[in-house]
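Working through the structure, step by step
The lines below spell out each chain.
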Amino acid sequence: MPACRIMVKTMLGVEAEKEIIKIPLSDSTISRKIINISKDIEEQVIEVIKSGELFALEVDELTDINGAPSMTGSIKGFITIAKNQNPNINTTHCFLHREALVAKSIVNELKIVLDQVVKMANFIKSRPQKIQLFSQLCESMESDHYTLIIHTKVRWLSKGQVLSRFYELREELLVYFTMEQMEYSDYLSDEFWCSKLAYLADIFEHLNQLNLSMQGENQYLLISTDKMANY
């Protein structure tokens, strides 16, 4: 019964768990019923698919993971497997991961700045001692923020958040890297380099706002298309 309670609580919430406690059933009984329900749902889906000539299928992964590589891979992934069975399948990449695509197609001059920002941010954020020193520096300079945001490829808003915070702390970072006697200070003291940083931060911030506006309930393709066209 404990395993069943955990499953029900995870899927349906605390109130459902309280109700299930009142039912004198064994784990095997609950497990069998779950399997039967799953089988019934699967059979219903198959019948719906067979009843029509054409149908659309939306495939996604976890909320904040860009699933494009595993979904659209040319060698493996769901789409490749499906197309091996039916070459006539049409596919469309999820438009909510625009910043990942922008980062890959961005002009080399800006791509270099983006890579340098990520490298500098991760240099500090991946070392506990550096984090503490930078935090103390920000506090002494009465900054609005005391820490950077580390870049991670699995979070689809990551680049925009990293760039925005980095730009807001650019003066503190200049002081920090000057004290550390690192070449990164040369970038931060260059007005032209900082102007490209500002441009990147602005572009990715707008992309993040657009992506977030297309999340949540009552969002469908036509509404999202209009938002992208009019943004």
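Rules and cut-offs
- Residues numbered from 1 in each chain as written.
- Predicted model: local features only at pLDDT ≥ 70, side-chain atom pairs only at ≥ 80, totals over all residues.
- Heavy atoms only, no water.
- Helix = DSSP H or I, 4+ residues; strand = E, 2+ residues; numbered from the N terminus.
- Buried < 20%, exposed > 50% of the residue type's maximum accessible area, 1.4 Å probe, protein only.
- Contact = heavy atoms within 4.5 Å.
- Patch = residues over 30% accessible without salt bridge, like charges linked within 9 Å, V, L, I, M, F, W, Y side chains within 5 Å.
- Areas by Shrake-Rupley, 256 points an atom, 1.4 Å probe, with all protein chains shown as cover.
- Salt bridge = Lys/Arg side-chain N within 4 Å of Asp/Glu carboxyl O.
- Lys, Arg positive; Asp, Glu negative; His and termini not counted.
- Charge placed at Lys NZ, Arg CZ, Asp CG, Glu CD.
- pLDDT = per-residue confidence, 0-100.
- Phe/Tyr/Trp six-rings, centres within 6.5 Å; stacked < 30°, edge-to-face > 60°.
- Core = buried A, V, L, I, M, F, W, Y, C linked by side-chain atoms within 4.5 Å.

**Re the overall build of the protein**
- Of regular secondary structure, the protein possesses 13 helices and zero strands.
- Mapped from its N terminus to its C terminus, the protein presents α and β elements in the order α-α-α-α-α-α-α-α-α-α-α-α-α.
- Looking at the protein residue by residue over its 231 residues, the buried ones come to 29%.
- When contacts within the protein are restricted to residue pairs at least 6 apart in sequence, long-range pairs at least 24 apart make up 58% of them.

**Points about a negative patch on the surface**
- Together, Asp40, Glu42, Glu43 and Glu47 make up a region of like negative charge exposed at the surface.
- Owing to a relative accessible area of 42%, glutamate 43 belongs among the partly exposed residues under this scheme.

**Observations regarding the side chain of glutamine 116**
- Secondary-structure assignment places glutamine 116 in helix H7 (residues 108-125).
- Every residue in contact with glutamine 116, bar those within four places of it in the chain, is listed here: Tyr187 and Trp193.

**Topic: the confidence of the model for the protein**
- Taken as a whole, the protein shows an average pLDDT of 78; of its residues, 75% reach a score of 70 or greater.
- Contacts of residues 67-71 to residues separated by more than four positions or lying in other chains number 14 contacts, the stretch itself having pLDDT below 50.

**Overview of the packing of aromatic side chains**
- If you walk through the whole model with that rule in mind, you get seven aromatic pairs.
- Ring geometry for phenylalanine 123 versus tyrosine 184: centroids 6.3 Å apart, planes at 65°, classification edge-to-face. A residue pair is termed long-range when its members are at least 10 positions apart, and phenylalanine 123 in helix H7 and tyrosine 184 in helix H11 (residues 184-188) qualify at 61 residues.
- Its relative accessible area of 15% is what places phenylalanine 123 among the buried residues.
- Looking at tyrosine 184, the relative accessible area reads 8%, which means it is buried.
- When the ring of tyrosine 184 is compared with that of tyrosine 187, the centres are 6.3 Å apart and the planes differ by 40°; the resulting orientation is tilted. Taken together, the residues tyrosine 184 and tyrosine 187, both in helix H11 and three residues apart, mark about one turn of the helix.
- Using a relative accessible area of 22% as the deciding quantity, one classes tyrosine 187 as partly exposed.
- By way of ring pairs, the aromatic residues Phe123, Phe134, Tyr176, Phe177, Tyr184, Tyr187 and Trp193 are connected into one cluster.

**Here we look at the nonpolar core**
- Of all hydrophobic cores here, the largest spans 30 residues; its most connected members are Phe134, Phe166, Leu173, Phe177 and Trp193.
- Breaking this core down by element, the ones donating at least two residues are H7, helix H8 (128-140), helix H9 (158-168), helix H10 (170-179), H11 and helix H12 (191-213).
- Per element, the largest residue contribution to this core is nine residues, and it comes from H7.
- When sequence neighbours within four positions are dropped, the list of residues in contact with phenylalanine 134 reads Ile124, Tyr146, Thr147, Leu148, Leu169, Glu172, Leu173 and Tyr176.

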